Amino acid sequence: MTEERQRAIWAIYVWCRRTDELVDGPNAVYMSSSVLDRWEETLQDIFDGRPYDMLDAALSNTVSKFPLDIMPFRDMIEGMRMDTRKCRYETFQELYLYCYYVAGTVGLMTVPVMGIAPESLVPTQTIYNAALYLGIGNQLTNILRDVGEDALRGRVYLPQDELSQFGLCNEDVFSLKVSDRSREFVKHQITRARFYFNFAEEGASQLDKASRWLVWSSLLLYSKILDAIEDNDYDNLTKRAHVGRANKLLMLHLAYTRSLSTQGFILN
Ligand SMILES: CC(C)=CCC/C(C)=C/CC/C(C)=C/CC/C(C)=C/[C@@H]1[C@@H](COP(=O)(O)OP(=O)(O)O)[C@]1(C)CC/C=C(\C)CC/C=C(\C)CCC=C(C)C
Ligand SMILES: Nc1ncnc2c1ncn2[C@@H]1O[C@H](COP(=O)(O)OP(=O)(O)OP(=O)(O)O)[C@@H](O)[C@H]1O
Ligand SMILES: [Mn+2]
């Protein structure tokens, strides 16, 4: 990426990480709705060119250089509110909303920085949807990988109705019991995450040439975690899916090859 874009992505990343840390980090005990309200006011100040600290200033600077919309930033804060309020999701529709708030938003935040290829014939809306889906795919993958860890914190980011369809309940998750049922359930969740990655692929090829390698790398590396879960025979309760160094290098290479062409569902 161009250096200006790298700095912009860094500033957005830092803001996202800090937002997540409010809920997950060492200071999470001080978390309350007023903290998030205050954080949202700070966000408005950043967009109005009144940064509070140096890290905010990086984002104010980014806002002055790229046409960022404040909406996905606000929505990410909303996702953190949701995370503090609930620890169960009844249906996939409910879980999807959470995934949009905390991860789909990242796609929407970053496309204005990545830029769209001038030769792309795909509607901008479709490209934004693909970006949103990359976030959803990432978050679903993150959730699947971390089911065991999250269970230790009393949280289950899995659709309750689907758990029961597979003859499972939260107790099975908390007791970290791997069974044929849990394996089938995980298989089903992996298929869904891959659907989002596949759609995202169509959008990745429409981005500005200089940004494509980064996005393809992110996509291929993160979706490899799903393969790693398969390699663990669908045990995501007692094993942590990990993508090894050699595999990562291979993916970077593949990502580079993919990033060379602007092509998509309309052109071929
Ligand atoms: C057209 C097209 C395909 C465009 C590309 C759009 C694009 C670059 C999308 C990127 C999507 C992305 C990286 C989403 C991150 C999703 C994610 C995993 C979010 C995590 C949420 C909270 O979950 P949890 O608490 O369970 O997770 P931890 O255990 O704490 O990890 C987040 C942690 C929310 C905060 C998100 C971040 C810190 C990541 C932000 C990343 C960027 C701004 C860089 C994006 C750019 C690239 C190229 C990766
Ligand atoms: N390739 C990637 N694409 C998109 N987001 C990523 C990627 N790698 C990391 N992230 C984001 O950064 C967060 C923390 O990164 P970290 O380096 O700890 O990676 P990780 O996903 O926990 O994998 P690992 O097990 O290799 O450490 C992830 O949860 C995710 O939000
Ligand atoms: Mn987190």
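So, how was this worked out
Residues numbered from 1 in each chain as written. Chains lettered and ligands numbered in written order. Predicted model: local features only at pLDDT ≥ 70, side-chain atom pairs only at ≥ 80, totals over all residues. Heavy atoms only, no water. UniProt positions renumbered as here; feature names shortened; annotations may be inferred. Near = heavy atom within 4 Å. Polar contact = N/O pair within 3.5 Å; in protein donor to acceptor, adjacent residues only side chain to side chain. Donors = N, O, S within 2.8 Å, 3.2 Å for Na, K, Ca; no water. Helix = DSSP H or I, 4+ residues; strand = E, 2+ residues; numbered from the N terminus. Buried < 20%, exposed > 50% of the residue type's maximum accessible area, 1.4 Å probe, protein only. Core = buried A, V, L, I, M, F, W, Y, C linked by side-chain atoms within 4.5 Å. Domains from an automatic or database assignment. Contact = heavy atoms within 4.5 Å. Areas by Shrake-Rupley, 256 points an atom, 1.4 Å probe, with all protein chains shown as cover. Nonpolar A, V, L, I, M, F, W, Y, C, P; charged D, E, K, R; others polar. Salt bridge = Lys/Arg side-chain N within 4 Å of Asp/Glu carboxyl O.

- Per an unreviewed UniProt entry, the protein chain goes by 15-cis-phytoene synthase and derives from Quillaja saponaria.
- Under the UniProt heading Sequence similarities (unreviewed entry), the note attached to the protein chain is "Belongs to the phytoene/squalene synthase family."
- Recorded under Pathway (unreviewed entry), the UniProt text for the protein chain is reproduced unchanged: "Carotenoid biosynthesis; phytoene biosynthesis; all-trans-phytoene from geranylgeranyl diphosphate: step 1/1."

### Some points on the site of ligand 2
In step 1: Inspection of the region around ligand 2 gives Arg17, Asn138, Asn142, Arg145, Ser218, Leu221, Tyr222, Arg240 and Lys248 as its neighbouring residues.
In step 2: One of the side-chain N or O atoms of Ser218 is found 3.0 Å from a nitrogen atom in ligand 2.
In step 3: Note that an oxygen atom of ligand 2 is positioned 3.3 Å from one of the side-chain N or O atoms of Tyr222.

### With respect to the coordination of the manganese ion (ligand 3)
Around a metal, the idealised angle for a tetrahedral arrangement of four donor atoms is 109.5 degrees; for an octahedral arrangement of six donor atoms it is 90 or 180 degrees.
In step 1: For the manganese ion (ligand 3), the full set of protein donor atoms is Asp20 (OD), Asp20 (OD) and Asp24 (OD), and the range of their distances to it is 1.9 to 2.8 Å. Residue Asp20 and its partner Asp24 are located together in helix H1 (residues 3-24), separated by four residues, close to a single helical turn.
In step 2: For Asp24, a relative accessible area of 41% puts it in the partly exposed group.

### A short note on the nonpolar core
In step 1: In this structure, Trp15, Leu68, Phe73 and Leu95 are the most contacted members of the largest nonpolar core, which totals 76 residues.
In step 2: Of all the elements, helix H5 (residues 92-114) adds the most residues to this core, at 12 residues.
In step 3: Here this core spans two domains, since at least three of its residues come from each of domain 1 (1-70) and domain 2 (86-259).
In step 4: For Trp15, the residues in contact, after removing those within four places along its chain, are Trp39, Leu43, Ile46, Leu59, Phe73, Met76, Ile77 and Met109.

### Topic: the site of ligand 1
In step 1: In the vicinity of ligand 1, 26 residues are found, and the nearest of them are Asp20, Asp24, Asn138, Gln139 and Asn142.
In step 2: Interatomic distance of 2.9 Å between a side-chain N/O atom of Asp24 and an oxygen atom of ligand 1.
In step 3: Taking Asn142, its side chain carries an N or O atom lying 3.4 Å from an oxygen atom of ligand 1.
In step 4: Bound to the protein, ligand 1 loses 87% of the 1,000 Å² it would expose on its own.
In step 5: Of all elements in the fold, only H1, H5, helix H6 (124-145), helix H10 (180-204) and helix H11 (209-231) reach the threshold of two or more residues within the shell around ligand 1.
In step 6: Top contributing element to the shell around ligand 1 by residue count: H6, with seven residues.
In step 7: Its residues placed into classes, the shell around ligand 1 shows 15 nonpolar, eight polar and three charged.

### Brief notes about the domain arrangement of the protein chain
In step 1: On domain assignment, one finds that the protein chain holds domain 1 (1-70) and domain 2 (86-259).
In step 2: The C-alpha-based centres of domain 1 and domain 2 are spaced at 24 Å.
In step 3: Taken residue by residue, the interface counts 11 residues in domain 1 and 12 residues in domain 2.
In step 4: The interface formed by domain 1 and domain 2 holds two salt bridges in total.
In step 5: The closest approach of N and O atoms between Arg153 and Asp24, which form a salt bridge, is 3.8 Å.
In step 6: Connecting domain 1 to domain 2 are three residue pairs in polar contact (both at pLDDT 80 or more).

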